[in-house]
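# Descriptive analysis of the structure
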Amino acid sequence: MINENIYGSSTMFGFGNNDTCLHYDNYSYVNLIGYDENSWGLSHTGKCWHRGISYEFTEPFFEKNTLVGCLLNLNNKSIHYYLNGNYLGEAFKNIDTKNLPLYPMVSSTAIDIELELVKSFKIILSLEEICYENIHKLFTCYEKLPLANIFIRNLKKM
């Protein structure tokens, strides 16, 4: 949750691993999350960043009481964003975690800005859900697979 209007050149939300660059220098204002290959971030300017490269993702957001949601899906290696409960879309796909744990991160070039972590949780998929996802990725025609009809119906719902 953004508790006050955003100012400065960069306030970012995203994920990174233990090797993420956590500071740059004292004289440059950079989009820190997404500056290197170890992190992925969304700036308040609406741009997504990874490896120092950005692209337009959404409209800028500066207002107080804005809720930014970040979803890391490790099963399909993607990052999704939400703004005030509205789904913005998949920002990053096929992320390379290098088999390192990823952590939620925020950064800001503003001197004194207040951001609040409202909720954080982890969902662990069942073995059945993981199997469905993997079959769904590998096959397009489920009817020819030697599976029970209920499995084929569940795969079609994905």
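Above this text sits the structure in question.
A brief structural summary. Computed from a prediction, not measured in an experiment: that's the story for all the values here.

Cut-off values and rules
- Residues numbered from 1 in each chain as written.
- Predicted model: local features only at pLDDT ≥ 70, side-chain atom pairs only at ≥ 80, totals over all residues.
- Heavy atoms only, no water.
- Pairing = 2+ DSSP bridges.
- Helix = DSSP H or I, 4+ residues; strand = E, 2+ residues; numbered from the N terminus.
- Axes fitted to C-alpha atoms, helices over the stretch in contact; angles between N-to-C directions.
- Phe/Tyr/Trp six-rings, centres within 6.5 Å; stacked < 30°, edge-to-face > 60°.
- Buried < 20%, exposed > 50% of the residue type's maximum accessible area, 1.4 Å probe, protein only.

The next subject is the sheet that holds strand S4 (residues 53–56). One key point about sheets: their strands pair by backbone hydrogen bonds, in either a parallel or an antiparallel sense. Read across the open sheet, the 5 strands follow the order S4-S3-S2-S1-S8; overall the sheet is antiparallel. Lying at the two open borders of the sheet, with one neighbouring strand each, are S4 and strand S8 (103–108). Adjacent strand axes in the sheet meet at a mean angle of 20° when their direction is disregarded. Of the strand pairs in this sheet, strand S3 (residues 47–50) and S4 are connected by 4 bridges, and their pairing is antiparallel. Residue pairing across strands places Lys47 opposite Glu56, the latter belonging to S4.

Turning our attention to the packing of aromatic side chains. Scanning the entire structure with this criterion turns up 6 aromatic pairs. Where Phe13 meets Phe61, the ring centres are 6.2 Å apart and the plane angle is 40°; that geometry is what we call tilted. One end of the pair, Phe13, is in strand S1 (residues 11–16); the other, Phe61, is in the loop between S4 and strand S5 (68–73), with 48 residues separating them in the sequence. Exposure remark for Phe61: the relative accessible area of 2% places this residue in the buried category. Ring geometry for Phe57 versus Tyr81: centroids 6.2 Å apart, planes at 70°, classification edge-to-face. Residue Phe57 is found in the loop between S4 and S5, and its partner Tyr81 is found in strand S6 (residues 78–83); the two are separated by 24 residues along the sequence. You'll find Phe57 and Tyr81 in the same group, each marked buried. Counting every residue linked through ring pairs, the aromatic cluster contains Tyr55, Phe57, Tyr81 and Phe92.

Let us now look at unusual backbone geometry. In the Ramachandran plot, Lys98 falls in the positive-phi region, its phi being about 55° despite a non-glycine side chain. With respect to the helices and strands, Lys98 occurs in the loop between strand S7 (86–92) and S8. Even without glycine at this site, Asn99 takes up a positive phi of about 55°. Given the relative accessible area of 77%, Asn99 is considered exposed.

Our next topic: the sheet that holds S5. Here 3 strands make up an open sheet; going across it, the order is S5-S6-S7 and the pairing antiparallel. The open sheet has two edge strands with one neighbour each: S5 and S7. Adjacent strand axes in the sheet meet at a mean angle of 25°, parallel and antiparallel pairs treated alike. Sheet topology note: the S6/S7 ladder contains 5 bridges and is antiparallel. Note on S7: the bridge partner recorded for Ile79 is Phe92.

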